[in-house]
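# Structural overview
Spelled out from the first residue to the last, the chains are:
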Amino acid sequence: MKRAYKYRFYPTDAQRAELLRTFGCVRKVYNLALDARTRAWFTEQRRVNYNETSAMLTSWKKSDDLAFLSEVSSVPLQQTLRHLQGAFTAFFDKRTQYPRFKSRKKSRQSAEYTKSGFKYRDGQLTLAKMREPLNIVWSRPLPEGAEPSTVTVSRDAADRWFVSILVETSVERHAPTDTTVGVDAGISSLATLSTGEKITNPQHEKRDRKRLAKAQRELARKQKGSNNRDKARRKVARVHARITDRRRDHLHKVTTRLVRENQTVVIEDLNVRGMLSNGKLARAISDASWSEFRTMLEYKAAWYGRDVIAVDQWFPSSKTCSACGRLAKSMPLNVRTWTCPGCDTTHDRDVNAAKNILAAGLAVSACGAGVRPQRESSRTGQSAAKQELSGASPIGIPRL
């Protein structure tokens, strides 16, 4: 399989200038090609493909206004045209929205190099148009004998530089096990397992909220366009980067452990985008990062030979008794423990939900692909949590 290894590096002044120039040219070519494709559709009802935009790039380089595009490596410029082609393919397949123009301040600054745009020898990586190799901090070695196929250089808002090296490698799968677990995502606890264990939510954003607010106040006082404002902006970005890094590190540890210890992991198919429309809980949901949690579980399960099953988001996991299967009429969010009137079993709300999620997931697995717990016909049948969190429908995809 193909796997990317990401490292931090520290560019020299010359490398920094070259990379910044490359980032600007990549953004310019992407926007020009997007504009050309949009105009062709709305004026001529004609679709422009990658080959046509590649020919346009050649003509742009020959013009007086865009002659600076010839000063950087052509490899990242061709790659950004391929990325635009992929974005349009995803749009026409109704998997994403229409491609948007890249902004200098808001868009991610990156450039991708294929094999013809870099040289990797003796553990040193040298990019096209550069004389010296990058000063990379090799926090972990590349797989033995692996040859990079693509290299992506990026710079984040905190002015940190990273290089992502894509290699072809193999992953040793974990030994099969008969252990299964149901996972109920939450806010007070990041995840509650069907075994009764509750994984603590570190709430990294909440812990650094005062530091972040102070940095943002200092940024607001600075004059726009000044060097001090740029310094204050980087300070805010560093706080955000600290929160993101710590959150991602915790999620990696939790998901790696779940995949290592269990053959099957069952989760809920939550509509996180709709839940974020709830103004009272959006901040806590974002801090928990449920979408990234699920993404990590799925790709790690694929690597190591495990299974991840997602049950329907409308399945009333919190209101159903895991002992006798009786469905409670209502379950407000403030009710954390409840006693089933049918069998007198006292449940912890989250543990009970995790047990029901596990049972539903195993039923889905036994019945075959495509079988999901039945959705209730009216919104009054939703659990209290979903009533408050799932208030918005998914954003629609526009069509040309």
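Residues numbered from 1 in each chain as written. Predicted model: local features only at pLDDT ≥ 70, side-chain atom pairs only at ≥ 80, totals over all residues. Heavy atoms only, no water.

## Details of the pattern of salt bridges
Overall, the coordinates contain 25 salt bridges when judged by the stated rule. For Asp93, the salt bridge identified is with Arg95, shortest N-O distance 3.5 Å. One salt bridge in this structure joins Asp350 and Arg336, with 3.2 Å as the shortest N-O distance. Highlighted residues: Asp350 in helix H10 (residues 349-367) and Arg336 in the loop between strand S12 (307-311) and strand S13 (337-339), separated in sequence by 14 residues. The exposure class assigned to Arg336 is partly exposed, which follows from its relative accessible area of 35%. Each of Arg16, Arg155 and Asp159 takes part in a single network of salt bridges with overlapping partners. (Salt bridge = Lys/Arg side-chain N within 4 Å of Asp/Glu carboxyl O. Helix = DSSP H or I, 4+ residues; strand = E, 2+ residues; numbered from the N terminus. Buried < 20%, exposed > 50% of the residue type's maximum accessible area, 1.4 Å probe, protein only.)

## Here we look at the packing of helix H1 (residues 13-44) against helix H3 (residues 74-92)
Put simply, H1 and H3 touch, their axes get as near as 9 Å, and they point 40° apart. It follows that H1 is oblique to H3 by the angle criterion. The handedness of the crossing between H1 and H3 comes out as right-handed. Here H1 contributes Thr22, Cys25, Val26, Val29, Tyr30, Ala33, Leu34 and Arg37 to the contact with H3, which in turn contributes Pro76, Leu77, Thr80, Leu81, Leu84, Gln85, Ala87 and Phe88. Across the contact of H1 with H3, the residue classes break down as 12 nonpolar, 3 polar and 1 charged. (Axes fitted to C-alpha atoms, helices over the stretch in contact; angles between N-to-C directions. Parallel < 35°, antiparallel > 145°, perpendicular 65-115°, else oblique. Left-handed = near helix turned anticlockwise from the far one by under 90°. Contact = heavy atoms within 4.5 Å. Nonpolar A, V, L, I, M, F, W, Y, C, P; charged D, E, K, R; others polar.)

## Description of the environment of Thr200
Inspection of the secondary structure puts Thr200 in strand S10 (residues 198-200). Apart from the residues lying within four places of it in its own chain, the contact partners of Thr200 are Leu190 and His250.

## Focus: empty space enclosed by the protein
Counted by the stated rule, this structure contains 1 cavity of 30 Å³ or more. The computed volume of the largest cavity comes to approximately 40 Å³. Every residue along the wall of the largest cavity is listed here: Leu190, Asn201, Pro202, Gln203, His204, Arg247, His250, Leu251, Asp287 and Ala288. Of all the elements in the fold, those that place two or more residues in the lining of the largest cavity are helix H6 (227-261) and helix H8 (282-288). In terms of residues, the lining of the largest cavity owes the most to one element, H6, which gives 3 residues. (1 Å grid on protein atoms, 1.4 Å probe; cavity = no way out; pocket = protein on both sides within 12 Å on 5 of 7 lines; lining within 4 Å. Points joined across faces, edges and corners; volume = space filled by probe spheres on them.)

## Here we look at the UniProt feature "domain: Cas12f1-like TNB" (unreviewed entry) in the protein chain
Listed under "domain: Cas12f1-like TNB" (unreviewed entry) in the UniProt record, and renumbered for this structure, are residues 290-357. For residues 290-357, the helix share is 35%, the strand share is 16%, and the end-to-end C-alpha distance is 16 Å. (UniProt positions renumbered as here; feature names shortened; annotations may be inferred.)

## Re the UniProt feature "domain: Probable transposase IS891/IS1136/IS1341" (unreviewed entry) in the protein chain
Under the UniProt annotation, the feature "domain: Probable transposase IS891/IS1136/IS1341" (unreviewed entry) is placed at residues 165-277. For residues 165-277, the end-to-end C-alpha separation is 36 Å, with 50% helix and 20% strand making up the annotated structure.

## Digging into the layout of surface pockets
As a volume, the largest pocket reaches approximately 1300 Å³. Counting residues per element, the ones that place at least two in the lining of the largest pocket are strand S1 (2-9), strand S6 (148-155), strand S7 (161-168), H6 and helix H9 (290-304). Of all the elements, H6 adds the most residues to the lining of the largest pocket, at 9 residues. By residue class, the composition of the lining of the largest pocket is 12 nonpolar, 8 polar and 13 charged. Two domains each provide a minimum of three residues to the lining of the largest pocket, namely domain 1 (2-168) and domain 2 (177-370). By volume, the second largest pocket amounts to about 730 Å³. With 4 residues, the top contributor of residues to the lining of the second largest pocket is H1. A class-by-class count of the residues in the lining of the second largest pocket yields 4 nonpolar, 5 polar and 12 charged. Each of domain 1 (2-168) and domain 2 (177-370) accounts for three or more of the residues forming the lining of the second largest pocket. (Domains from an automatic or database assignment.)

## Here we look at the packing of aromatic side chains
A complete count under the given rule lists 9 aromatic pairs for this structure. Among the aromatic residues, ring-to-ring pairing joins Phe88, Phe91, Phe92 and Tyr98 into one connected group. For the cation-ring pair, Arg37 lies above Phe88, with the distance from its terminal atom to the ring centre recorded as 4.2 Å. Arg47 extends its terminal NZ or CZ atom over the ring of Phe92, reaching a point 3.7 Å from the ring centre. (Phe/Tyr/Trp six-rings, centres within 6.5 Å; stacked < 30°, edge-to-face > 60°. Lys NZ or Arg CZ within 6 Å of the ring centre and 35° of its normal.)

## Looking at the sheet that holds S1
Working definition: the strands of a sheet are paired by backbone hydrogen bonds and lie parallel or antiparallel to each other. Spatial ordering of the open sheet is given by S2-S6-S7-S1-S5, a layout of 5 strands whose pairing is antiparallel. Whereas interior strands pair on both sides, the edge strands pair on one side only; in this sheet they are strand S2 (109-114) and strand S5 (136-137). Pairing of S2 with S6 involves 6 bridges; the strand directions are antiparallel. Within the sheet, the bridge partner assigned to Tyr113 lies in S6 and is Val151. Across the sheet, H1 is in contact with S1, S2, S6 and S7; its angle to S2 comes to roughly 95°. (Pairing = 2+ DSSP bridges.)

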